[in-house]
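Below are the chains, spelled out letter by letter.
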Amino acid sequence: MITVKDIYDYIDSFAPFSQQQSYDNSGLCAGEPDMPVKRVLTALDITSKVVEEAKEKDCQLIISHHPVIFKGLKYLSMKNPAVALTSYGMAAVCAHTSFDSAQGGMNDILCSVLGLEILETLAYEEGKPIGYVCRLPLESSSARLASVCKKKLGCKAVRYTDAGGGITAVGVCSGSGGNLMDAAMAKGCQALITGDVKHSDFVAAENAGFCLIDAGHYYTENVFHRALADKLAEQFPELVIMQSESGKDPVSIV
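Residues numbered from 1 in each chain as written. Predicted model: local features only at pLDDT ≥ 70, side-chain atom pairs only at ≥ 80, totals over all residues. Heavy atoms only, no water.

Visitor: Give me the lowdown on the side chain of Ser-64, citing residues and values where you can.
Guide: Turning to its location among the elements, Ser-64 is positioned in strand β3 (residues 61–64). Non-local contacts of Ser-64, meaning those with residues more than four positions away in its chain, are made with Ala-43, Leu-44, Asp-45, Ile-46, Val-93, Cys-94, Ala-95 and Phe-224. (Helix = DSSP H or I, 4+ residues; strand = E, 2+ residues; numbered from the N terminus. Contact = heavy atoms within 4.5 Å.)

Visitor: Give a detailed account of the pairing of strand β6 (residues 128–140), specifying residues and quantitative values.
Guide: In this sheet, β6 lies alongside strand β5 (residues 117–125) in antiparallel orientation, the contact comprising 7 bridges. Note that in β6 the partner of Glu-117 across the bridge is Arg-135. Between the end of β5 and the start of β6, which pair antiparallel, lie 2 residues, with Glu-126 showing a positive phi angle near 55°. Taken together, the 5 bridges between β6 and strand β8 (residues 167–172) define a ladder with antiparallel strand orientation. The residue bridging Arg-135 from the neighbouring strand is Ala-169, located in β8. (Pairing = 2+ DSSP bridges.)

Visitor: I'd like a description of the packing of helix α1 (residues 4–14) against helix α10 (residues 223–235), backed by residues and values.
Guide: Packing of α1 against α10 brings their axes to within 12 Å, and their N-to-C directions diverge by 115°. Crossing handedness for the pair α1 and α10: right-handed. Facing α1, whose interface residues are Ile-7, Tyr-10 and Phe-14, α10 presents Leu-228, Lys-231, Leu-232 and Gln-235. Within the contact of α1 with α10, the residues separate by chemical class into 5 nonpolar, 1 polar and 1 charged. (Axes fitted to C-alpha atoms, helices over the stretch in contact; angles between N-to-C directions. Left-handed = near helix turned anticlockwise from the far one by under 90°. Nonpolar A, V, L, I, M, F, W, Y, C, P; charged D, E, K, R; others polar.)

Visitor: Give a description of unusual backbone geometry that names residues and reports values.
Guide: One non-glycine residue, Glu-126, lies in the positive phi region at around 55°. With respect to the element layout, Glu-126 can be found in the loop between β5 and β6. Assessed through its relative accessible area of 41%, Glu-126 is described here as partly exposed. (Buried < 20%, exposed > 50% of the residue type's maximum accessible area, 1.4 Å probe, protein only.)

Visitor: So what's going on with the sheet that holds strand β11 (residues 240–243)? Which residues, and what values?
Guide: As summarised here, the arrangement of the 5 strands in space is β1-β4-β3-β2-β11, forming an open sheet in which the pairing is mixed. On the outer flanks of this sheet lie β1 (27–30) and β11, each paired with one strand and no other. Neighbour-to-neighbour, the strand axes of this sheet turn through a mean angle of 25°, independent of strand direction. Running over the sheet, α1 touches β1, β2 (39–43), β3 and β4 (91–94) and is turned about 5° from β4. Strands in contact with helix α2 (residues 48–56) are β2, β3 and β11; relative to β2, the strand with the most contacts, it is inclined by about 160°.

Visitor: Just give me the short version of the sheet that holds β5, but keep the residues and values in it.
Guide: As summarised here, the arrangement of the 6 strands in space is β5-β6-β8-β9-β10-β7, forming an open sheet in which the pairing is mixed. Looking along the sheet, the strands with just one partner apiece sit at the ends: β5 and β7 (159–160). Alignment of β8 against strand β9 (residues 191–194), held across 3 bridges, turns out to be parallel. Pairing of Gly-171 across the sheet is with Leu-192, part of β9.

Structural data, given as structure tokens:
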């Protein structure tokens, strides 16, 4: 019998939960370690729709990137996914910043999807590595690099500053990394691929003649649950591992 703890320990072996950032809440967020598991659903976020999908598919565990409980709960309602999980007797394991900084983790997967060659760590936060400096297979323009991100990540839209051509080295940070532009420039990058870029960061990039690409938090991290599902299926062939179909980009564009 495979338990929640068995799966938790496996994830912990390659993306240690102890390496999460101080503000994070990675780990077991719902359920009990000794709960038996036969069916698992992987997702980027545990939304209400994802919980209902897991219930319909008779899953005992959801594994997500973003924690289902991030801030303290002051009111309990079935509209809250964490409460619904507990009510349905399901567990949740969330691998957030611990997976971001792990070797072979989020940023490694993102670089692989984008076809980039990893050279070195981009920066460190609380002593943990964040992102990578990468080499492009071919010299690129800002517009072409943004288009590659849109195509390979399936983005609805990509925002970027057009710094022209000559891009050979690029910084990569999944999720939210607009504040790493200076670190990328210091490491010789002509571009940075990330998400959640603020207007002030775009202005700074424009002034510096730097290509800052916002491919979206969702799209730079949605690579998570596909890759994790594959790893779990290899480690636990007796489990039924499914990737969430209801977990979508919550943002619409007109």
